[in-house]
Amino acid sequence: MLKSKIIGTGSFLPVHSMDNTFLSTIVETSDEWITERTGIRSRHIAAEETTVSMGTAAARNALEMAALSPDKIDFILAATFTPDYIMPNTACLIQAELGASNAFCFDINAACSGFLYALQTADAYIHSGMCKNVLVIGTEAISRAVDWTDRSTCILFGDGAGAAVLSASADDSGFIDFLSGSDGSRGSVLELKNRAIANPYHPAEADTLSYLKMNGQEVFKFAVRKIPEMVLTLTGRNGLTPKDINHYLLHQANVRIIQAAAKRLELPEARFPMNLSSCGNTSAASIPILLDECNRNGCLHRGDRLILSGFGGGLTWGSALLRW
Ligand code: COA
């Protein structure tokens, strides 16, 4: 049976880094409040960069590590809820930049779970034999979607991109199991509405583009419950316990969410690498950026077991269990 594995990772962060002190000149907040409640100290904000340019840069790094030329990629999957265009999709635009002319391309929008959903989709295509090499990208320019007068949201998010190349595995490394779920009935907890309806059969609505809105406490409670639940399900059904996992790469939303997950699972925080202090919440890009950092700084070793876990708007959630 064909199994997929990650053979290259890459990431990209915008040049501008905005710290909490700078933010406190824009909205009524303080470095102390943000650091204490979220663990975030600074975040990268796209100025010249776009969702496509960041995704392309991350993809190039991942392809270089995988030692694959773009024409060897047969599927490009971009996870984002902040595409530059509604059409063409982000994956097609990145394909054009890379010259990956043999690939078919589409996007996945599952907010902060997007990269996990994309990994699972890529794995399924490889598993079925339909694809050999898949480029999975998480890329976000959330700074365009937040209301910079709303201190309860603008402090949380950052921009950036991460990518992974998946290929059929010839050994015992690679993806072992996935888990994903959604609860659309709770979508209003975290939402970003868009265009007003205007057609001959419908009275024109005011054409105001809306910004990201969030019920922070509800999202917090959901995440703190969902992560341990996913970990226990994934490990349990694979004959493992949480202690058998070497590294937990969780969506980087809030240090308190990650600490609560570690506590519930009775695990040391050292098993939960983090970069949210300098990146903030980059939604679909957060897990691949962290994965690339861990991969490049040598903290992942052959044979290690990893769980990647995301949660977010939709509501959506997803996890992957893999052997490095
Ligand atoms: N600076 C200073 N004060 C702020 C503030 C800011 N940036 N944002 C909110 N406040 C104030 C509120 O107005 C409120 O004031 P009040 O008590 O006078 O009404 C007070 O701080 C407490 O607000 P609350 O919303 O209860 O804070 P909290 O402890 O829940 O922390 C979050 C807020 C957003 C940090 C927290 O709920 C959270 O991280 N939630 C999860 C969000 C998330 O991860 N979303 C993405 C998921 S993919």
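Let me sum up the structure you'll find in this document. (Residues numbered from 1 in each chain as written. Predicted model: local features only at pLDDT ≥ 70, side-chain atom pairs only at ≥ 80, totals over all residues. Heavy atoms only, no water.)

### A closer look at the pattern of salt bridges
Under the definition given, this model contains 12 salt bridges. Residue aspartate 171 pairs with arginine 302 through a salt bridge whose shortest N-O separation is 3.6 Å. Here arginine 302 lies in the loop between helix H9 (286–296) and strand E12 (305–312) and aspartate 171 lies in the loop between strand E7 (160–169) and strand E8 (174–182), a separation of 131 residues in the sequence. Looking at aspartate 171, the relative accessible area reads 33%, which means it is partly exposed. A relative accessible area of 56% means that arginine 302 is categorised as exposed. Each member of the salt-bridge network shares a partner with another, and the members are Lys5, Asp171, Asp172 and Arg302. (Salt bridge = Lys/Arg side-chain N within 4 Å of Asp/Glu carboxyl O. Helix = DSSP H or I, 4+ residues; strand = E, 2+ residues; numbered from the N terminus. Buried < 20%, exposed > 50% of the residue type's maximum accessible area, 1.4 Å probe, protein only.)

### As for unusual backbone geometry
Put simply, methionine 87 and proline 88 share a cis peptide bond, and its omega is 0°. With respect to the element layout, proline 88 can be found in the loop between strand E4 (75–79) and helix H4 (90–98). Of note, the bond from glycine 314 into leucine 315 is cis; its omega dihedral lies within 30 degrees of zero at -10°. Relative to the elements of secondary structure, leucine 315 occurs in the loop between E12 and strand E13 (316–323). The backbone of alanine 111 sits at a positive phi, close to 45°, despite the residue not being glycine. For alanine 111, the position within the fold is in the loop between strand E5 (104–108) and helix H5 (114–127).

### Structural notes on the packing of aromatic side chains
Under the defined criterion, the tally for this structure stands at 8 aromatic pairs. Aromatic side chains phenylalanine 75 and phenylalanine 106 sit 5.1 Å apart centroid to centroid with 45° between the ring planes, which places their arrangement in the tilted category. Here phenylalanine 75 is found in strand E4, whereas its partner phenylalanine 106 is found in strand E5, with 31 residues between them in sequence. What makes phenylalanine 106 partly exposed here is its relative accessible area of 28%. Taking 5.6 Å as the distance between ring centres and 50° as the angle between the ring planes, the aromatic pair formed by phenylalanine 104 and tyrosine 125 counts as tilted. Taken together, the positions of phenylalanine 104 in strand E5 and tyrosine 125 in helix H5 put the pair 21 residues apart, joining distant regions of the chain. By relative accessible area, which is 34% here, phenylalanine 104 ends up partly exposed. (Phe/Tyr/Trp six-rings, centres within 6.5 Å; stacked < 30°, edge-to-face > 60°.)

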